[in-house]
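Chain by chain, the residues:
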Amino acid sequence: MGFFDGLLGARAVDFDSGNGANAIELTKRRQSVSLTKQGAVTGHLRVNLTWRMRTSDFGAQRPSLLRHPLKALKPPEILGHGQSMVDVDLDLGCLYELADGTKGVVQPLGDYLGDINAAPYIKISGDDRFGSGSGETMYINLDHHESIKRVLVFVYIYDQTPAFDRTHAIVTLYPSSGPRLEISLDERHPQARSCAVLLIENVKGELVVRREVKFVYGFQAELDRLYGWGLQWGRGYKTKV
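Since the model is a prediction, treat every value here as computed from it, not as a measurement.

Undergrad: Before we go on, may I ask you to explain the sheet that holds strand β3 (residues 44-53) in this structure?
TA: Whenever strands of a sheet pair, they do so through backbone hydrogen bonds, lying parallel or antiparallel. The seven strands are arranged β1-β11-β10-β3-β8-β7-β6 in an open sheet whose pairing can be described as mixed. In this open sheet, the two edge strands, each paired with only one partner strand, are β1 (23-25) and β6 (114-115). Where β3 and strand β8 (residues 136-141) come together, six bridges link them in antiparallel fashion. Opposite L45, over in β8, you have I140 as the bridge partner.

Printed below as a string of structure tokens:
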């Protein structure tokens, strides 16, 4: 597959997704969850990325310890979302492999936005460049889960923006039923430009979500090599806002 081969035929659709009151955090100690066992292999699996800046990058001043000694125990406040964070541009995407051997990518870069009702049964809603409250969202149509072999969800940093150690990012999965799944990307990797966040894999008919959180110093091509996807990559650009 060529990097600039467009994904055609994407259609607008009303998405449905569960919003379980409880959450399961996938960590190094609890790395995987079976969507099949919790009855969540139908409907749309919503994958959401949100992030915010760490205050240390904005020259935040710690309070005087003489005037406010108790504030020394208080961690620095993390700023919320806002358009003042325009120098941070995290993008959500995925590599997919279907049961028939078809492979490709869904991501804002290059306008590979996918299709929810036809292969690859994955669609990204758009490109959030400011870290807004809604973040970026991808939908996976699990009514066609038998056609999906594996999906690697990743986050990457666009050119000329800070590294992962200057942001706090969370990827949240909202299955059609059961609790939501959360994965935090708060490890310090100053030079990393991409992170493989999670792998959704069809294992003998069982759909399993596994935490990956593997940071790499390159971009999608390096993630491709790490997981053996075998796509051909070239330089991609974003349209101006």
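So, next bit.
Undergrad: Would you explain the packing of aromatic side chains in this entry?
TA: When we look at a pair of aromatic rings, we describe it by the centre distance and by the angle of the planes. Per the stated rule, a full pass over the model turns up two aromatic pairs. Between F154 and Y156 the ring centres are 5.8 Å apart and the planes differ by 45 degrees, which places this aromatic pair in the tilted class. Of the two residues, F154 and Y156, neither departs from the other in class, the shared state being buried. Residues F164 and F215 carry aromatic rings whose centres are separated by 5.2 Å and whose planes lie at 75 degrees to one another, so their mutual orientation is edge-to-face. Residue F164 is found in the loop between β9 (148-157) and β10 (167-174), and its partner F215 is found in strand β13 (residues 206-216); the two are separated by 51 residues along the sequence. The exposure classification of F164 matches that of F215, with both residues buried. When the ring centre of Y174 is taken as origin, the NZ or CZ atom of R46, which lies over that ring, is 4.0 Å away.

About the criteria used
Residues numbered from 1 in each chain as written. Predicted model: local features only at pLDDT ≥ 70, side-chain atom pairs only at ≥ 80, totals over all residues. Heavy atoms only, no water. Pairing = 2+ DSSP bridges. Helix = DSSP H or I, 4+ residues; strand = E, 2+ residues; numbered from the N terminus. Phe/Tyr/Trp six-rings, centres within 6.5 Å; stacked < 30°, edge-to-face > 60°. Buried < 20%, exposed > 50% of the residue type's maximum accessible area, 1.4 Å probe, protein only. Lys NZ or Arg CZ within 6 Å of the ring centre and 35° of its normal.

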